[in-house]
Amino acid sequence: MKDLIDKLEKNQILTKEEFVKLIENRTPEAADYLFEKARAVRHKYYSKDIYLRGLIEFTNYCKNDCYYCGIRKSNKNAIRYRLTKEQILECCKIGYELGFRTYVLQGGEDPFFTDNNLIEIIREIKQNYPDCAVTLSIGEKSYRSYKAYFKAGADRYLLRHETASEEHYNKIHPKELSLSNRKQCLRNLKEIGYQVGSGFMVGSPYQTTENLVEDLLFIKELNPEMVGIGPFIPHHDTPFKEFKGDNGELTLFMIGIIRLMIPNVLLPSTTALGTIDPNGREKGILSGANVVMPNLSPVNVRDKYLLYDNKICTGDESAECRHCMENRMNKIGYDVVVSRGDIKPKTI
Ligand code: SAM
């Protein structure tokens with residue numbers, strides 16, 4: 001195992017077979033070795049800094065029907081909401097005072113928000129907070145729309161590819177959605193000039209080790225600035241409610257691998273990790289992650305943006321989340337910094 005981890009550390013890509021071997025034969029000792037190397041690389045680029053992203057979940061309406069997601073259109077039990085432009089700007093104001101310098105506007109694919117609406121929101125945020133980055137996470141759009149948001153000032157875009165295997169993609173999505181379009185969107189975003197984030201769920205239904213390896217190889221090829229990975233967690237009102245969601249250990253191992261594979265990448269320790277383990281976000285950082293995304297959404301909508309069951313931080317004010325995060329990071333020897341948190345250039 002150590003030889004494969006050393007190979008990754010030397011920035012050599014593993015073959016499919018080697019990745020499968022590394023993942024399937026992992027042991028707690030191998031994981032410790034991987035995490036030690038991953039931390040060393042992370043410290044080289046980002047020292048002990050933790051970058052903050054303020055997550056604003058501005059709509060839970062969605063026209064899509066992904067089988068795993070709690071806000072899928074067929075979930076009639078979801079209580080739907082949308083934030084107004086004024087509410088979004090209020091979240092930004094609170095966030096700015098709390099030291100956030102990146103806002104992530106995330107939502108379901110909600111046609112109520114036209115391109116013009118979104119452009120107005122992006123422009124206003126950038127006008128009020130020119131020192132902040134705006135990240136969008138609003139799904140699959142046309143090249144024209146992506147270009148228009150970019151021109152309005154959006155800096156970054158998060159669009160997890162979810163799984164790089166066509167066969168697996170079709171098992172967890174309805175037929176209206178396709179992996180080829182998702183991948184094309186990612187290429188379009190790159191071409192336009194966004195800092196792009198892709199990623200996938202670990203342990204999603206029907207996922208095999210080979211699928212995970214395909215995810216790694218796709219990410220290596222795409223070479224995104226950010227990679228968001230988190231454990232799949234079932235939601236009680238979805239077709240996948242009976243599937244298991246205990247994928248924390250494997251998620252951490254994948255974080256370690258991705259840190260070695262793309263040394264300077266921005267890698268969040270996700271809320272989903274914190275949901276399945278009270279110390280999940282700390283463990284994510286200690287496995288090589290360098291970003292956390294506390295919630296800036298108004299408290300009265302938090303429990304309505306329920307992608308999966310038992311999501312944490314649904315009752316806390318933004319200030320509480322921010323300070324709780326700072327304490328958690330300090331306890332493991334890391335420092336939350338006031339910064340846009342852009343990617344550092346690769347040095348090797
Ligand atoms: N609509 C946008 C999109 O498609 O990219 C952004 C919102 S979407 C809800 C954000 C992410 O939530 C997805 O990329 C997916 O990986 C994750 N997600 C959804 N359901 C999940 C579940 N049951 N467990 C873990 N993650 C989930």
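Overview of the structure. Residues take numbers from 1 onward in each chain, read along the sequence in its written order. Only residues with pLDDT of at least 70 get local features here, since the model is predicted, and only at 80 or more are side-chain atom pairs given and counted; chain-wide, interface and lining totals rely on the full set of residues. Remark: hydrogens and water are excluded; side-chain values derive from all non-hydrogen atoms of the structure.

**Topic: the site of the ligand**
In step 1: Throughout, near means a residue has at least one heavy atom within 4 Å of the molecule or strand. Near the ligand there are 17 residues, and of these Tyr68, Gly107, Arg160, Glu162 and Ile233 occur at the shortest range.
In step 2: N or O atoms closer than or at 3.5 Å make up a polar contact, with two conditions inside protein: a donor-capable atom paired with an acceptor-capable one, and, for residues adjacent in sequence, both atoms drawn from side chains. The contact in question runs from a nitrogen atom of the ligand to an N or O atom on the backbone of glycine 107, over 3.0 Å.
In step 3: Side-chain polar atom of arginine 160 to an oxygen atom of the ligand: 2.9 Å apart, as the coordinates give it.
In step 4: The Shrake-Rupley method, run with a 1.4 Å probe, gives the accessible areas here. Residue values count only the displayed protein chains as cover. Notes on the ligand: free accessible area 560 Å², of which the protein chains cover 92%.
In step 5: Residue classes in the shell around the ligand are distributed as 10 nonpolar, four polar and three charged. Ten residues, namely Ala, Val, Leu, Ile, Met, Phe, Trp, Tyr, Cys and Pro, are considered nonpolar, four, namely Asp, Glu, Lys and Arg, are considered charged, and the remaining ones, Gly among them, are considered polar.

**Concerning the sheet that holds strand E6 (residues 195-202)**
In step 1: When DSSP finds two or more bridges between two strands, those strands count as paired. Numbering of helices and strands runs from the N terminus; a helix is a DSSP stretch of H or I covering at least four residues, while a strand is a stretch of E covering at least two. Sheet architecture is open: six strands sit in the order E2-E3-E4-E5-E6-E7, paired in parallel fashion. Each end of this open sheet is capped by a strand with a single partner; those strands are strand E2 (54-59) and strand E7 (226-231). Taking the axes of each pair of neighbouring strands and ignoring which way they run, one obtains an average angle of 20° across the sheet.
In step 2: Across five bridges, the pairing between E2 and strand E3 (residues 102-107) is parallel. Helix axes are fitted to C-alpha atoms over the stretch in contact, other axes to C-alpha atoms as well, and angles between N-to-C directions run from 0 to 180 degrees.

**Quick word on the nonpolar core**
In step 1: Only buried residues count toward a nonpolar core, which is a set of Ala, Val, Leu, Ile, Met, Phe, Trp, Tyr and Cys residues joined through side-chain atoms within 4.5 Å. We call a residue buried when its accessible area falls under 20% of the maximum for its residue type, exposed when it is over 50%, and partly exposed in between, using a 1.4 Å probe and counting protein chains only. In this structure, Ile56, Ile125, Leu136, Tyr149, Tyr194, Met254 and Ile257 are the most contacted members of the largest nonpolar core, which totals 105 residues.
In step 2: At nine residues, the largest contribution of residues to this core is made by helix H10 (residues 248-261).
In step 3: Excluding its chain neighbours within four sequence positions, the residues that come into contact with tyrosine 194 are Leu136, Tyr146, Tyr149, Phe150, Ala154, Asp155, Arg156, Tyr157, Leu189 and Glu225. We call two residues in contact when some of their heavy atoms are within 4.5 Å.

**So, the packing of aromatic side chains**
In step 1: Within 6.5 Å between ring centres, the rings of Phe, Tyr and Trp (the latter by its six-membered ring) count as paired, and their orientation is classed by plane angle as stacked under 30 degrees, edge-to-face over 60, tilted in between. Under the counting rule described, the total for this entry stands at 13 aromatic pairs.
In step 2: A connected cluster of aromatic rings, assembled from ring pairs, spans Tyr67, Tyr206, Phe240 and Phe243.
In step 3: Should the NZ of a Lys or the CZ of an Arg lie within 6 Å of a ring centre and within 35 degrees of the ring normal, that charge is described as sitting over the ring. The ring of tyrosine 33 carries the charged tip of lysine 2 above its face, separated from the ring centre by 4.8 Å.
In step 4: One Lys or Arg, arginine 82, reaches over the ring of tyrosine 61 and ends 3.8 Å from the middle of that ring.

**Focus: the packing of helix H1 (residues 2-9) against H10**
Geometrically, a packed helix pair is captured by the angle between its two axes and the distance between the axes.
In step 1: Where H1 meets H10, the axes come as close as 8 Å, and the angle between the chain directions of the two elements is 40°. In terms of orientation, H1 lies oblique with respect to H10. Contacts between H1 and H10 involve Ile5, Leu8 and Glu9 on the former and, on the latter, Ile257, Leu260 and Met261.
In step 2: By residue class, the composition of the contact of H1 with H10 is five nonpolar, no polar and one charged. Roughly parallel here means an angle under 35 degrees, roughly antiparallel means over 145, roughly perpendicular means 65 to 115, and every remaining angle is called oblique.

**So, the sheet that holds strand E9 (residues 335-337)**
In step 1: Strand order across the open sheet formed by three strands is E8-E1-E9, with parallel pairing between neighbours. The open sheet has two edge strands with one neighbour each: strand E8 (291-292) and E9.
In step 2: In this sheet, E9 lies alongside strand E1 (residues 49-52) in parallel orientation, the contact comprising three bridges. From the neighbouring strand, tyrosine 51 faces E9, where its bridge partner is valine 337.
In step 3: Each of E1, E8 and E9 is contacted by helix H14 (residues 318-331), which is oriented at about 135° to E9, the strand it contacts most.

**Looking at helix H4 (residues 85-97)**
In step 1: The span expected for a helix works out to 1.5 Å for each residue beyond the first. An ideal rise of 1.5 Å per residue puts 18 Å on 13 residues; H4 measures up with 19 Å between its terminal C-alpha atoms.
In step 2: Restricting attention to buried positions, one finds in H4 the residues Lys85, Ile88, Leu89, Cys91, Cys92 and Gly95. Down the axis of H4, the buried side of the element spans an arc of 150°, and every buried residue falls inside it. Across from the buried face of H4, at angles greater than 90 degrees, the exposed residues are Glu86 and Glu97.
In step 3: Considering only its buried residues, H4 is in contact with E2, E3 and helix H5 (115-128).
In step 4: Phi for glycine 99, located one or two positions after H4, is positive at around 95°. In this context, the arc is that of the directions from the helix axis out to the C-beta atoms.

**Observations concerning unusual backbone geometry**
In step 1: Located in the positive-phi region is serine 47, a residue other than glycine, with phi close to 40°.
In step 2: Among the residues examined, serine 47 registers a relative accessible area of 36% and is labelled partly exposed.
In step 3: If you check the backbone angles, asparagine 223 has positive phi at about 55° while not being a glycine.
In step 4: Counting through the fold element by element, asparagine 223 comes out in the loop between helix H9 (209-222) and E7.

**Some details on the pattern of salt bridges**
In step 1: The rule for a salt bridge is simple: a side-chain nitrogen of Lys or Arg has to be within 4 Å of a carboxyl oxygen of Asp or Glu. In total, this model carries 23 salt bridges according to the counting rule given.
In step 2: For lysine 63, the salt bridge goes to glutamate 109, with nearest N and O atoms at 3.2 Å. Taken together, the residues span a long stretch of sequence, with lysine 63 in the loop between E2 and H4 and glutamate 109 in the loop between E3 and H5 at a distance of 46 residues.
In step 3: Classification of lysine 63 by relative accessible area gives partly exposed; the value is 45%.
In step 4: Here arginine 182 ties to glutamate 140 by a salt bridge, and the two come within 3.0 Å at their closest N and O atoms. With arginine 182 in helix H8 (residues 179-192) and glutamate 140 in the loop between strand E4 (133-137) and helix H6 (143-152), this pair connects stretches of sequence that are 42 residues apart.
In step 5: According to the relative accessible area criterion, arginine 182 is buried, its value standing at 11%.
In step 6: Connected through salt bridges with shared partners, the residues Lys126, Asp155, Arg156, Arg340 and Asp342 form a single ionic network.

Shape is all these values report; function is a separate question.
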